[in-house]
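Spelled out from the first residue to the last, the chains are:
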Amino acid sequence: MPDVLVCQRALRIATLATLVILCVAPRLVSARPMTVVDLAEMRRVLEPQLAPDGSSVAYVLTEADWKANRPVGHLWRLSLTGGEPVQITRGETGETHPRWSPDGRSLLFLARGESTTQAFTVPADGGEPTPLTRHATAVSAPAWSPDGRLVYFLAADPPTAEDRARERARDDVYAFDGVRRHRHLWQVTVGSGEERKITDGPFSVLSYRLSRDGRRVVSHRAPSTRPADSHKSEVWLSEADGGNARALTDNGVEEAEGELSPDGLRVLFLAEANDRFAPYFSASVFVVPAAGGPPRRLSVGSGAVERATWDAGGTAVLTVVNTGVTSQVVRVRETGGAGAVQALTSGEHSVQFWSANADGRMVFLVDEPTRPGDVWVMEPGGAARRVTGVYDRLAATFHLPRQARASWKGPGGANIEGVLFYPIGYEPGRRYPLIVQLHGGPSESDKFGWGPGVIVNHVPVLSGLGYLVLRPNYRGSSGYGDSFLRDVVGLYFRHMHLDVLAGVDALVARGLADPERLGLMGWSAGGHLTNKLITVTHRFKAASSTAGAANWVSMFAQTDTIANRTLWFGGTPWQASGTASATFERFLSQSPITDASRVRTPTLFFAGEQDARVPLAQSIEMYRALVASGVESVLYVAPREGHQWGELRHQVFKANTEIAWFERHLRGRSYTPVVPPDGPPAATKP
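Note that this is a predicted model, so its numbers are computed, not measured.

(A) Examining the overall build of the chain more closely. Looking only at helices and strands, the chain features 15 helices and 36 strands. Over its C-alpha trace the chain gives a radius of gyration of 26 Å, about what one expects of a compact globule, namely 26 Å for 686 residues. Across its three principal directions, the C-alpha atoms of the chain cover 85 × 65 × 65 Å. The burial tally for the chain puts 54% of its 686 residues in the buried class. Here the analysis covers contacts within the chain between residues at least 6 apart in sequence; of these, 55% occur between residues at least 24 apart. When the accessible surface of the chain is totalled, it reaches about 28900 Å², and 51% of it is carbon and sulfur. Computing the positive centroid from 72 side-chain charges and the negative centroid from 70, the chain places the two 4 Å apart.

Right, dumping it as structure tokens:
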């Protein structure tokens, strides 16, 4: 409760002396270290949206729901002219994806309907939500037409009568790589609820954007919604009713964020490609004539573009650019030349959930060391300003680690950097146990702030226990230019593991890290790298690998996406531009399983039972290899989870179990897990 409300209530019930005590007391309470459950119960702000006139902002605020075993979010609205935030929705299962109506009087959102996710509207000042869609399948990506008469959305085709009959009879054998149901663009009339299918055919719409006048739509079409087909997507332009559809691109890379310019003459989109549309380059903005023609790439320097939209006049593009350990809002003038790229924000933070209105007003979250993401707004030509205070008391309630940029030289003299988190109560001249955390991708980067996976990476808890934590942006990471990103092309483990070891050496040389107490952990590509590192060094006293690859050959056959892996290894395991045997050997030589007999590091493995990206079998292979070699190892499998884990108790279990593992192997002491309220034990002793 805000201090002012505490004081007002105290005034009504207490003497002046008691009032002084009550008002001052919250500021006298000492901060304490965070626990895993504190992290799980920390509220998170998501999906901020600015009202059309810029007077208010709507957002989703999530809280831990231990009964539902997941975070549940509701819609809130904050007037930017003054006043407290107001909760708009209170549905039992939560609400997402708020979108303002063009007149600013109501909010569109998604929530659970009778059986699937549907679209609803609610007055912006609060009230009873009204169902908008009653579609046969789940609704996603809803968007208003500019006149407010229509709402567009995406939905999968429903099962046919034959499909339902086969399902009832359990005659449901399916082709492994077969396309089951496509996803298409629909519209619903707000007044009547009448639905109309806009696209149809043997393709799927991955995403779309309406033009600002509502007359046309840019969409991204692919052969299916399968991740393996995403690189086959193309940019399409059509009338808003689906007519006159034509493709504007024809290449072998995935595109996103397509949008028609305000004058209707050009379309921008994002793609991870170079000027000739060769794949696996830093994500860039491309502009293509709406009438057809070759796309042109806009340069933003060495950074990677994460989001993009036209500015109000259509002469420049507003973007969010990954610059390594930060991300910033950047304006890019389409004509190029001196001063064409202008950073609109600066600081040690990352920008998330960014969007811009047609008039150029922007809203976004800023993830910074003491705030996981409050809402900020920016007027055209003005400075960004924070408008919510969800995390005002976070630093006063908990000990939060100091964050700093760490830099060092990798093999060959390459400049490598990362984010270093200091232990709580850090004392200069003292060495601390070090945990190295490896990000996924690998074409991602760790930035200042809290980052994704707050619970599963649990940095504030580790810092409170006296650990130094390093998040290195090794070669293969994004935000540092094409050469840095493409270091993995042709040979995956070329430099990344050596860059990590060089970072550890640098911290040891600076007198920060204790070389006898080193730990290692990573998820996805970070898990691949963890598996590699424990085969090349015995320096780490304990490791934890989540969703990590063991055998690149079997991984290629099992995963739901292979396009990037073909680039990393110069072909498939069975054929290549050179000889098939040479490529097969490259897959094997780069596989951690090949050198698993060298491992001596006690290692935990975690895997989602339903993970299609890095299937459970990969963790089983690595775990079995370590056990066969007599290395202490445990594999934990999370039921119902895919590549990313969503259930709170699973996340808490992983964090508690990992921390206990590091405490025992690095420091020879026990750790008492903090359990969820009314929950089962949140960790199992290996």
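That was the structure; now back to the text.
(B) How the structure looks around helix α15 (residues 648–667). Helix length check: α15, at 20 residues, gives a terminal C-alpha distance of 28 Å against a target of 28 Å (1.5 Å per residue), a fit within 8%. Buried residues dominate α15, accounting for 16 of its 20 residues. Phi turns positive, to about 65 degrees, at glycine 668, one or two residues after α15.

(C) Main features of the pairing of strand β33 (residues 513–523). The element β33 is extensively covered by neighbouring structure, given that eight of its 11 residues are classed as buried. Where strand β31 (residues 432–438) and β33 come together, six bridges link them in parallel fashion. By the bridge assignment for β33, glutamine 437 is matched with methionine 521. In this sheet, strand β34 (residues 542–546) lies alongside β33 in parallel orientation, the contact comprising five bridges. Looking across to β34, one finds that glycine 522 is bridged to serine 545. As a crossover connection, the stretch from β33 through helix α10 (residues 525–536) into β34 is right-handed.

(D) Inspection of the pattern of salt bridges at higher detail. Enumeration over the complete set of coordinates arrives at 36 salt bridges. The closest approach of N and O atoms between aspartate 505 and arginine 539, which form a salt bridge, is 2.6 Å. Of this pair, aspartate 505 sits in helix α9 (residues 496–509) while arginine 539 is found in the loop between α10 and β34, placing the two residues 34 residues apart along the sequence. With relative accessibility at 38%, the residue aspartate 505 sits in the partly exposed group. The partner of arginine 640 in a salt bridge is glutamate 647, with the nearest N and O atoms 2.7 Å apart. Linked through salt bridges whose partners overlap, the residues forming this network are Arg209, Arg212, Glu257, Glu259 and Arg307.

(E) Inspection of the environment of histidine 495 at higher detail. Note on placement: histidine 495 falls in the loop between α8 (482–485) and α9. Taking the C-alpha atoms as reference points, histidine 495 and glutamine 610, separated by 115 residues in sequence, lie 31 Å from one another. Aside from chain neighbours lying at most four places away, what touches histidine 495 is Pro411, Arg475 and Asp487.

(F) Local environment of helix α4 (residues 161–168). Here α4 lies mainly on the outside; zero of its eight residues are buried. Following α4 by one or two positions, arginine 170 has its phi on the positive side, about 60 degrees.

(G) Layout of the sheet that holds strand β18 (residues 266–273). Spatially, four strands are ordered β17-β18-β19-β20 in an open sheet, and the strand pairing comes out antiparallel. The open sheet has two free edges, formed respectively by β17 (255–260) and β20 (296–298), since each of these has just one partner strand. Taking the axes of each pair of neighbouring strands and ignoring which way they run, one obtains an average angle of 30 degrees across the sheet. Summarising the sheet, strand β19 (residues 279–289) and β20 pair through three bridges and their orientation is antiparallel. Within the sheet, the bridge partner assigned to valine 285 lies in β20 and is leucine 298.

(H) Geometry of a negative patch on the surface. Residues Glu162, Asp163, Glu167 and Asp172 make up a contiguous surface patch of negative charge. With respect to the element layout, aspartate 172 can be found in the loop between α4 and β11 (183–189). The class of aspartate 172 is partly exposed, set by a relative accessible area of 45%.

(I) A look at the sheet that holds strand β23 (residues 327–333). Spatial ordering of the open sheet is given by β21-β22-β23-β24, a layout of four strands whose pairing is antiparallel. The open sheet has two edge strands with one neighbour each: β21 (304–310) and β24 (341–343). Neighbour-to-neighbour, the strand axes of this sheet turn through a mean angle of 30 degrees, independent of strand direction.

Reading the values: the criteria
Residues numbered from 1 in each chain as written. Predicted model: local features only at pLDDT ≥ 70, side-chain atom pairs only at ≥ 80, totals over all residues. Heavy atoms only, no water. Helix = DSSP H or I, 4+ residues; strand = E, 2+ residues; numbered from the N terminus. Rg over C-alpha atoms; globule rule 2.2 N^0.38 Å. Buried < 20%, exposed > 50% of the residue type's maximum accessible area, 1.4 Å probe, protein only. Contact = heavy atoms within 4.5 Å. Areas by Shrake-Rupley, 256 points an atom, 1.4 Å probe, with all protein chains shown as cover. Lys, Arg positive; Asp, Glu negative; His and termini not counted. Charge placed at Lys NZ, Arg CZ, Asp CG, Glu CD. Expected span 1.5 Å × (residues − 1). Pairing = 2+ DSSP bridges. Right-handed = clockwise from strand over helix to strand, strands pointing away. Salt bridge = Lys/Arg side-chain N within 4 Å of Asp/Glu carboxyl O. Axes fitted to C-alpha atoms, helices over the stretch in contact; angles between N-to-C directions. Patch = residues over 30% accessible without salt bridge, like charges linked within 9 Å, V, L, I, M, F, W, Y side chains within 5 Å.

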